[in-house]
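# Structural overview
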Amino acid sequence: MPELSPVVARFRLGIPPEIRRRIRRADDALGRQFVPDVRELDRAPGEVPDPIGDQRFSPVEGLVHRYPDRVLLLPTLLCHVYCRFCFRRETVGDPGRGVLTEARTTAALQWLHQHPAVREVILTGGDPLVLSVARLARLVSRLAEVPHLRILRLHTRVPIVAPERITPELGEALRSRLATWVVLHTNHPDELGPAALAAAATLSGWGFPLLSQSVLLAGVNDQAETLIALFRTLVENRVKPYYLHHLDRAEGTDHFRVPLSRGQELVGVLRGRLSGIAQPTYVLDIPGGYGKVPIGPNYLHGGPTEGPGVYQVTDPWGGLHDYADLEGR
Ligand code: SF4
């Protein structure tokens, strides 16, 4: 469609076969996530190229250091699929900046060696699992040589969108002395076909704890039944729902935006319907890079109402109850 040419000239397009097979229409839950849309050329108030302030917190190229005990390491800015709502869409998919060079990787590792407070490295990007097995193996083994590192976390969409890449060779490449956690990005139960679930089972069979992160997206997963189906499927497949992200203000993503009040309403419904292990935390990355915080809904209200230490609490179905905080008297 010619009207989409300026969109794909501006933001990279990529839909792997596993996802192409599962898209039935451009406006279904998968089509909306991955098929370009002319509305991506619109600019809404508040949308910016770097919504979570990566640049401000990048001491060397490829590293983002926002919290004292952990860093993001971006070994590549390439992905197997290009989400139309990506929070790093200004940089992700740029072939000129595809993979962190050897020299820059070495500089990032040197920075890590010099910062003993950092215990955890989060490989993100882009998607770290687009790297070749050999490159990943070398990166993991170099990270394991940093004596104060304890935890390696991978943020990836690959097991869902390109499950054929979850091979025994990849398992070997990821094995190290570090406690390795894998966080799967998935937004809708239709993404979780047999191949994706088999890939998740392989990863957990290798001993990696699995978490998920999802983005709340209008027209994709902004209905309670969709979120319930997604989180139940994940838990049944040994994946703990971790974050439900409020959409970041990346450019051209306004048609995906769900009001914060609607997000809180949905999360409130989940509280009454899903087991505790199926509940993600609804979070906002504060624009500008000020960190990620839970955004409710709130269950404890107003502070003292009838004297010191008396609060009101909302139960999982919306009823209000007084609670006397005896310790506060
Ligand atoms: S997989 Fe992640 S980094 Fe890649 S396009 Fe989607 S949201 Fe962006």
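Keep in mind the model is a prediction, meaning the values are calculated, not measured. Along each chain, numbering runs from 1 in the same order as the chain's sequence is written. In keeping with the predicted nature of the model, local features appear solely for residues at pLDDT of at least 70, side-chain atom pairs appear and are counted solely at 80 or more, and the whole-chain, interface and lining totals rest on all residues. Think of the side-chain values as coming from all heavy atoms in the structure, minus any hydrogens and water.

## Examining the overall build of the protein
- Across its full length, the protein carries 10 helices and 12 strands.
- For a compact globule of 329 residues, the expected C-alpha radius of gyration is about 20 Å, and the protein comes in at 21 Å, within 12% of that figure.
- Along the first, second and third principal axes, the C-alpha set of the protein runs to 65 × 55 × 40 Å.
- For every residue, the accessible area obtained with a 1.4 Å probe (protein chains only) is divided by the maximum for its type, and the residue is called buried under 20%, exposed over 50%, and partly exposed between those limits. For the protein, the residues scored as buried account for 51% of the 329 residues in total.
- We call two residues in contact when some of their heavy atoms are within 4.5 Å. Long-range contacts, defined here as pairs at least 24 residues apart, represent 75% of the contacts in the protein between residues at least 6 apart.
- Only the protein chains shown count as cover for residues, and the accessible areas themselves come from Shrake-Rupley with a 1.4 Å probe. Total accessible area on the protein is roughly 15000 Å²; 55% of this is exposed by carbon and sulfur atoms. Starting at the N terminus, helices and strands are each numbered in turn, a helix being any DSSP run of H or I of at least four residues and a strand any DSSP run of E of at least two. Within these notes, the globule rule equals 2.2 Å times the number of residues to the 0.38 power, and the radius of gyration is based on C-alpha atoms.

## Some points on the site of the ligand
- Distances are taken per atom, and a residue is near a molecule or strand as soon as one of its heavy atoms is within 4 Å of it. Neighbouring the ligand are Cys79, Val81, Tyr82, Cys83, Cys86, Gly126, Arg157 and His185.
- Among the residues forming the shell around the ligand, the class breakdown is five nonpolar, two polar and one charged. As a working rule, the residues Ala, Val, Leu, Ile, Met, Phe, Trp, Tyr, Cys and Pro are called nonpolar, Asp, Glu, Lys and Arg charged, and the rest polar, with Gly in that last group.

## Structural notes on the environment of glycine 263
- With respect to the helices and strands, the residue glycine 263 is situated in helix H10 (residues 260-273).
- Distance in space between the C-alpha atoms of glycine 263 and leucine 217 is 9.7 Å, their sequence separation being 46 residues.
- Beyond its immediate sequence surroundings of up to four residues, glycine 263 is in contact with Leu216, Val258 and Tyr282.

## Considerations on the pattern of salt bridges
- Only one rule defines a salt bridge in this text: a Lys or Arg side-chain nitrogen within 4 Å of an Asp or Glu carboxyl oxygen. Taken as a whole and judged by the stated rule, the model has 24 salt bridges.
- Salt-bridge contacts for arginine 175 lead to glutamate 172; the nearest nitrogen and oxygen are separated by 3.4 Å.
- According to the relative accessible area criterion, glutamate 172 is exposed, its value standing at 52%.
- Here aspartate 254 makes a salt bridge to arginine 257, at a shortest N to O gap of 3.2 Å.
- Overlapping salt bridges, with partners in common, bring together Arg10, Arg43, Glu90 and Glu251 in one network.

## Quick notes on the packing of aromatic side chains
- Note on aromatic pairs: the rings of Phe, Tyr and Trp (six-membered ring only in Trp) are paired at centre separations within 6.5 Å, and the planes decide the class, stacked below 30 degrees, edge-to-face beyond 60, tilted for the rest. The full count for this structure, using the stated rule, is three aromatic pairs.
- Summarising the aromatic geometry, the rings of phenylalanine 85 and phenylalanine 256 are spaced 5.6 Å apart at their centres and angled 75° between planes, so their arrangement reads as edge-to-face. With a gap of 171 residues between them, phenylalanine 85 in the loop between strand E2 (70-73) and helix H4 (102-113) and phenylalanine 256 in the loop between strand E7 (239-245) and H10 connect regions that are remote in the sequence. Take phenylalanine 85 and phenylalanine 256: they sit in the same class, and that class is buried.
- Geometrically, the ring pair formed by tryptophan 206 and phenylalanine 208 is edge-to-face, given 6.2 Å between the ring centres and 75° between the ring planes. For the pair shown, tryptophan 206 and phenylalanine 208 are each scored as buried.
- Over the face of the ring belonging to tyrosine 67 we find arginine 70, whose NZ or CZ atom lies 4.0 Å from the ring centre. Only when the NZ atom of a Lys or the CZ atom of an Arg is both within 6 Å of the ring centre and within 35 degrees of the ring normal do we say a charge sits over the ring.

## A short note on the pairing of strand E3 (residues 120-123)
- With burial as the criterion, each face of E3 is covered, one bearing Glu120 and Ile122 and the other bearing Val121 and Leu123.
- Here E2 pairs with E3 via four bridges, running parallel. The partner of leucine 72 across the bridge, within E3, is isoleucine 122.
- Relative to strand E4 (residues 151-156), E3 is paired through four bridges, and the arrangement is parallel. Here, strands pair whenever DSSP counts at least two bridges between them.

## Details of the sheet that holds strand E6 (residues 210-215)
- Read across the open sheet, the nine strands follow the order E1-E2-E3-E4-E5-E6-E7-E8-E9; overall the sheet is mixed. One side of each edge strand has no neighbouring strand; the edge strands of this open sheet are strand E1 (63-67) and strand E9 (292-294). When strand polarity is set aside, the average angle formed by the axes of neighbouring strands in this sheet is 30°.
- With three bridges joining them, strand E8 (residues 281-285) and E9 adopt antiparallel strand pairing. Lines are fitted to the C-alpha atoms to define the axes, a helix being fitted only along its stretch in contact, and any angle between axes, read from their N-to-C directions, falls within 0 to 180 degrees.

## Some details on the packing of H4 against helix H5 (residues 133-144)
- Running from N to C, H4 and H5 point in directions that differ by 20°, and their axes come no closer than 10 Å. When the axes of H4 and H5 are compared, the pair comes out roughly parallel. Here H4 and H5 pass one another in a crossing that is right-handed. Seen from H4, the contacting residues are Glu102, Thr105, Thr106, Leu109 and Leu112; seen from H5, they are Arg138, Leu139, Arg142 and Leu143.
- By residue class, the composition of the contact of H4 with H5 is four nonpolar, two polar and three charged. Angles are sorted into four bins: roughly parallel if under 35 degrees, roughly antiparallel if over 145, roughly perpendicular if 65 to 115, and oblique for all others. What makes a crossing left-handed is the near helix being turned counterclockwise from the far one by less than a right angle; a clockwise turn instead makes it right-handed.

## Quick word on the domain arrangement of the protein
- Where each domain begins and ends is defined by an automated method or by a domain database. The domain boundaries assigned to the protein delineate domain 1 (2-297) and domain 2 (299-329).
- Each of domain 1 and domain 2 has a C-alpha centre, and these two points are 37 Å apart.

## Examining the sheet that holds strand E10 (residues 300-301)
- An order of E10-E11-E12 is seen for the three strands of this open sheet, with the pairing classed as antiparallel. Every other strand in the sheet has two partners, leaving E10 and strand E12 (320-324) as the edge strands with one partner each.
- One ladder, built from five bridges, connects strand E11 (residues 310-314) with E12; its direction is antiparallel. Residue tyrosine 311 lies in a different strand from E12, and its bridge partner there is tyrosine 323.

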